[in-house]
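Here is how the chains run, residue by residue.
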Amino acid sequence: VKYLQDHNTDALRMIIKSSFDPSIKWLLPEGSVPYVPNEAPEGTEHTSLAGEARTLYHYIEGGNPALAQNKREAMFVQLLEGLHEDEAEVICLMKDKKLTDKYKITKAVVSEAFPDIEWGGRGG
């Protein structure tokens, strides 16, 4: 709880909410994404998750309904390829709602750390 609170950012909240909120539906195929991981050393990559988090709405139901699916998927690949490979992995885990496969985090811990996050859907 303390770690989450100490690292509280809009990007972290977006990652957490889209990972655990059942009302958030990703408009991307589930499973592995065919992209080339960015091998640039940490800190020198082209983009950062903190900066790119604001664009995640393109990939979520209701976020940008006018966007063609093939364009959405191409943009997602570009997003991943621009991020450090660790951040790209977080995005892929988030997309498939499998963040808990890598990180010791639960919705209960998130709710305790950020009681102001509103959860949609059932169980939210």
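Everything here concerns the structure above.
Reading the values: rules and limits
Residues numbered from 1 in each chain as written. Predicted model: local features only at pLDDT ≥ 70, side-chain atom pairs only at ≥ 80, totals over all residues. Heavy atoms only, no water. Helix = DSSP H or I, 4+ residues; strand = E, 2+ residues; numbered from the N terminus. Buried < 20%, exposed > 50% of the residue type's maximum accessible area, 1.4 Å probe, protein only. Polar contact = N/O pair within 3.5 Å; in protein donor to acceptor, adjacent residues only side chain to side chain. Contact = heavy atoms within 4.5 Å. Salt bridge = Lys/Arg side-chain N within 4 Å of Asp/Glu carboxyl O.

**Observations concerning unusual backbone geometry**
Most peptide bonds take the trans configuration, and most residues that are not glycine carry a negative phi. Despite not being glycine, lysine 97 shows a phi value in the positive range, around 55°. Mapped onto the elements of the fold, lysine 97 is located in the loop between helix H5 (85–95) and helix H6 (107–113). According to the relative accessible area criterion, lysine 97 is partly exposed, its value standing at 30%.

**Describing the side chain of histidine 58**
Along the chain, the position of histidine 58 falls in the loop between helix H3 (49–52) and helix H4 (69–82). For histidine 58, a relative accessible area of 13% corresponds to the buried category. Side-chain polar atoms of histidine 58 contact the side chain of tyrosine 57, separated by 3.2 Å. Excluding anything up to four places from it in sequence, histidine 58 contacts Asn64, Leu67, Arg72 and Met75.

**Re the pattern of salt bridges**
Under the counting rule described, the total for this entry stands at five salt bridges. One salt bridge in this structure joins arginine 13 and aspartate 116, with 3.1 Å as the shortest N-O distance. Note that arginine 13 is positioned in helix H2 (residues 10–20) and aspartate 116 in the segment after H6, a separation of 103 residues in sequence. The partner of glutamate 89 in a salt bridge is lysine 102, and the shortest N-O contact between them spans 2.7 Å. Of this pair, glutamate 89 sits in helix H5 while lysine 102 sits in the loop between H5 and H6, placing them 13 residues apart in sequence. Since its relative accessible area comes to 31%, glutamate 89 is described here as partly exposed.

**Some details on the environment of leucine 56**
Position of leucine 56 relative to the elements: it lies in the loop between H3 and H4. Residue class for leucine 56 comes out buried when judged on its relative accessible area of 5%. Once the C-alpha coordinates of leucine 56 and phenylalanine 76 are considered, the two residues, 20 residues apart in sequence, prove to be 8.9 Å apart. In this view, leucine 56 contacts Leu79, Ile91 and Met94; residues no more than four positions away in its chain are not counted.

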